[in-house]
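Structural features, examined
If you want the building blocks of each chain, they are given just below.
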Amino acid sequence: MAGCRPGAPGSEQAWLEVAQAFIQETLCPPGKEPDVQLAQLVIDCVKTTWLSQGTSQGLTLPLSYSFVSVKDLRTHQRLPCCSHLSWSSTVYQAWAQEAGPRGVPLPRERLLLLGTLTDLSGNLEQECRNGSLYIRDNTGALDCELIDLDLSWLGHLFLFPSWSYLPSLMKSPGEGHVELWGTPVPVFPLTISPGPLTPIPVVYPEMASRLLRYRSKHRNVQPNLAGNLIRFSALVKSQKKAYFVLFLGGSSPAGTQVSVIVQVPAQLVWHRALCPGRAYVLTELRVSKLPGHRYRVWMTSTSSQLLPLKPECVRELELELAGVPLEADPQSLPRPSSPQDKKRPGPDCLVRDSILLSYTGMVTDTLNQPAGLYELDRKLELCLAYQQFRGLRRVVRPGVRLELQDVHLLQSVGGGTRRPILAPCLRGAVLLRGFSHQVPETQFSHQVPQASLYEQLVWEHQLGLPIYLWATKALEDLACKLCPHVLRYHQFLKYSSPGDPSLGLQILAPILEVLIPPGCPGRNTHSEILEEPHHCPLQKYTQLQTPCFFPTLAFLKEEAKRRAWASFDPKTLLPLPEASHLPSWQLNQRLAWSWQCLLPSAFRPAPVLLGILVPSSRKGCLQLRDQSGSLSCLLLAQPLQPLTDPRLIGCLVRADRFQLVIERNVRSSFPSWKELSTTDFIQKKQARVYVQFLLADALILSVPRPVLHSATSSTPPRTEPSPPEGPHIEQSRLFLLSHKEALMKRNFSVPPSASSEVPQPTLSFHVLGRWLGGTQRKEGTGWGPAEPKEDENSDQKVLLLFLGSSVRWFEFLHPGHVYRLVASGPPTLMLFEEGGSSCVSQHPLELAGCASCLTVQDEWTVELASSQDIPEVLGIRPTLPESSLTDLLSGNFADSLVSFSAEIVSHLWMKPGSSGAVRRCVKLTVALETADYKFPPHLDVYIEDPHLPPPLGLLPGARVYFHQLEKRVSRSHNVYCCFRSSTCVQVLHFPPDTTVSAPLPHIYLAELLQGDKAPFRATASCHVVSVFSLHLLWVCAHCTSICPQGRCPRQSPACPTQTSVSQASIRLLVEDGTAEAVVTCRNHQVAAVLGLCPSEWTSLLEFVRGPGKVALQFTGPGAQLEVRCGWEVGAQISIFLGAWLEA
């Protein structure tokens, strides 16, 4: 920084002139004549200190140094620095080396700092004293820290030869503090006060303790107390007053100790001068009684003094105590019981006791500076949160040496912390024993020194240390997820008040309510310091099992993929009895799609889902976002209730209960089931990860504005056109949505002059609706009356087109609900009318019965209408139209568009050429639920391009509503449905968390004869009457041609593999006592029908591996077997089946 430097640096005369001007301006009393004597004393003090280094190189004055005032230091010095007047460059280099390889030493500036050392901040009123130290001159006061304070220095002018300055981490102008390294040099000689003329009468701790307990004539006497300082407490500051407690004892450590409360503002600075082990005299003490305590304590009076104890200057005061003691010894009083003491620990809740000790060490790392967490000597952790360490926070950093007195040692606290913890309570003191040589870290520069959420967790919510450590780690993870793009750090970690809640506390509140037992008492600071046995929040603790964690969305997505592919086992997806008969195309088709659902209970500890809810214009779905990335999500307000309120956009969503879904897509070429364990046949793997949950199970928090664009926008920022001149108003119009079409890529005609690029299909969707009233304008906080229509009886139907960024409203628009379309800008006539700037009339609209088509602009917004807008419409609960099952399952094409709700039974990806598929598609088998049918009918739904990939949530076990599917009838007279552009899908229920499948219903064969039955699944108990046919053969796994002798006969072109698989089928006549039925069983079911064990079934299949086909025909019950192949193998099969039928 630029200090007060002379015009000619090499001139001593110029330096002296600048020095005299500086002294007159900053040190002399304002408004008086120049003090030549003061200027000369200051210059002599600087000269003496400068020459003491012994390397002045013949210069009598430090010409390279400039004077700096408090104001200039606070205003212009933006970076940390140090100044050492009496040090040579060699000494400074050695000092800088002590910063260590990981630290950056403080840079050296050549500045001269002078000022009065005082405990008064700005004015001279006594009430401004709070125990802090300041350097003051005519320009202001600056906070300072000093390791060993002599009280006689206060109020005197000093030159500070060795110091460092650290500006505020918040970059606030005027903030910062000075750390005084060396002993300050007085400008005026300090006068040594002579001892008392007569010895001071004193009482020692034993007599002082007795004085408190006896009624005597000496009770009103203000005695002087002498003794050795055993310990002293932390400086406690509250809204009412500040105080600390010191303990004096005799020469023996086991002797009586007396506590003295110091709360006079002018005496709080004693806290910086006290040194345990030294002997002191406290004069003119008085007796006081603390609120809530039965016994009395000593307190200092306004005239009390702190003096060093000199035996020759004191004499013991002899007092006679008579009467009965008023109370017991305070040292032996039992402390009040608390609810925590009455709580009996269970076998899994082992309560441990901390250990009180003293420790001296160096801070080696800053773990979380706002939370008061540091590392000591690379092996311990230090937590200062249970003291009011605001002043200490600015000093403690790597390189600082601390002496901890009466500090608690806690081991194995859990909650993610592995190392032992040192944590001082109010009973102990934290003493500075050395400043740091390093520049402060900048990673915590976002924090504020005022009251924060961390202090609130300790002092108001009474968190124990294990829970506090977990909470700080959770808040740190949350800050990494949300700051600074979603929230500023000070917003997230601010002190929470009833009218201004902290977002961080709202996120942690559900967990803290479970972890913190009800009825925990608040901290009584006097009891924590004074009472014996000692009781504080750190005395007893329980090892904490980490309740949960807040992973980033990117970690959650990657972990889900990792687990999904780690558990991907083709043999598990295709059980062996079934897989051994599948040809290659069918085998790979069954493996093409699979899914896995991960619940929070699958993780240890359980994750909590957290992110900003934003819509994606690129994908058309909702997403949760944080700084690490995004995660697609599917939300329901409640079961059967879709998401309809767009105000949720930009809100912070926190969910403990959710389903993390991974849909796996695999492209493979397994020749047969024998190669399923060989991963080389997998050519491509893809996974779609998303999360689905109910808003009723989530916590929705509004995020303070403004929020950066990257946090909530789904599209990159673009240059907006300059707004037109003139007033801006908001206009809106209500509409009732009757139908929503599919979200898909569509072609749109572009005017020739619009762009020279070839138009590409655009992601879009349409909605059909009806206007409710005319256009309304914003009036204050509400909407004005609707503008009258010229023709009230005119058709109000409209087709709304959403494309581009307006696709973000897709997930919120649902038939049967009323919405408000809002446009902001200059007043525009007929904005939502036919012929307006956004309305385009098209001939196809006439076929749809709509008067106009309105393209929703990107900047327009959609709101859910309130009940005050149109109560007669909103009072009607929307219902989902469904087709009758009779029309749905019949071959009648009177209405080819059908709507129904069903539960998905299976989800299968089909490749072109497989099972007659012309192109890639997804086949959903759904079970229709209706009271008209005892057994739920099954129906196949096909999804083809351009509707692929299918919407989120189409999983087995989910209940889905399909609107306007196209019904088709196959050549075998089976009814199935297909997606089309008008189809809309709405998930009503997520799959259940448990995968226990319900047993199939039981049916009697006679029930099958009671009329036409739709396809369904059930079980029947029956026995075999006769066998009509049995087919056993081996086919090529690639082309399914019959393989004589196990080899494919196909030559041109030859199959890429010579693997063959067995095929089996059997036709049986069965009866259950009600009716008879012909049953056809295939492949692995044949072995079950024949009652063969796996080894017998495998042996039988190997017998028919030769050329040809074996067919066993039955013409009736008890008929002889007919073998079409008269070779030996066929005879063996005949004998085997004959024995089986006789049995």
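Refer to the preceding data block for the structure.
The paragraphs below set out a description of the structure included in this document. Computed from a predicted model, the values in this text were never measured in an experiment.

Broken down by element type, the protein chain carries 24 helices and 56 strands. Taking all 1143 residues of the protein chain together, the buried fraction comes to 48%. In the protein chain, 71% of the contacts between residues at least 6 apart in sequence involve partners at least 24 apart. By element, 53% of the accessible surface of the protein chain is carried by carbon and sulfur atoms, the whole surface being about 55,100 Å².

In this section: the sheet that holds strand β28 (residues 593–598). Judged by pairing direction, the sheet is mixed, and its eight strands sit side by side in the order β28-β34-β35-β32-β31-β30-β33-β36 without closing on themselves. Of all strands in the sheet, those bounded by a partner on one side alone are β28 and β36 (698–701). Ignoring which end each strand starts from, the neighbouring axes of this sheet average 35° apart. Here β28 runs beside strand β34 (residues 659–668); their pairing, made up of six bridges, is antiparallel. Directly across from Cys597, in β34, lies its bridge partner Val661. Helix α14 (residues 553–566) rests against β28, β30 (609–615), β31 (622–626), β32 (629–636), β34 and β35 (682–694) of the sheet, and its axis sits at about 50° to β34.

This next bit is on the side chain of Gln387. Tracing the backbone shows Gln387 in the loop between β23 (380–383) and α8 (390–393). By relative accessible area, Gln387 is classed as buried at 7%. One polar contact links the side chain of Gln387 to the main-chain carbonyl oxygen of Cys425, over a distance of 2.8 Å. Those residues within four positions of Gln387 in sequence are excluded, and the remaining contacts are Ala234, Pro424, Cys425, Leu426, Gly428, Ala429, Val430 and Trp459.

What follows concerns the packing of helix α10 (residues 465–482) against helix α12 (residues 503–515). Remark: α10 packs on α12, axes separated minimally by 11 Å, with the N-to-C direction vectors making an angle of 150°. Put simply, α10 runs roughly antiparallel to α12. Two packed elements cross with a definite hand, and for α10 against α12 that hand is right-handed. From α10, Ile467, Trp470, Ala471, Ala474, Leu475, Leu478 and Leu482 reach across to α12, where they touch Gly504, Ile507, Leu508, Ile511, Leu512 and Leu515.

About the cut-offs
Residues numbered from 1 in each chain as written. Predicted model: local features only at pLDDT ≥ 70, side-chain atom pairs only at ≥ 80, totals over all residues. Heavy atoms only, no water. Helix = DSSP H or I, 4+ residues; strand = E, 2+ residues; numbered from the N terminus. Buried < 20%, exposed > 50% of the residue type's maximum accessible area, 1.4 Å probe, protein only. Contact = heavy atoms within 4.5 Å. Areas by Shrake-Rupley, 256 points an atom, 1.4 Å probe, with all protein chains shown as cover. Pairing = 2+ DSSP bridges. Axes fitted to C-alpha atoms, helices over the stretch in contact; angles between N-to-C directions. Polar contact = N/O pair within 3.5 Å; in protein donor to acceptor, adjacent residues only side chain to side chain. Parallel < 35°, antiparallel > 145°, perpendicular 65-115°, else oblique. Left-handed = near helix turned anticlockwise from the far one by under 90°.

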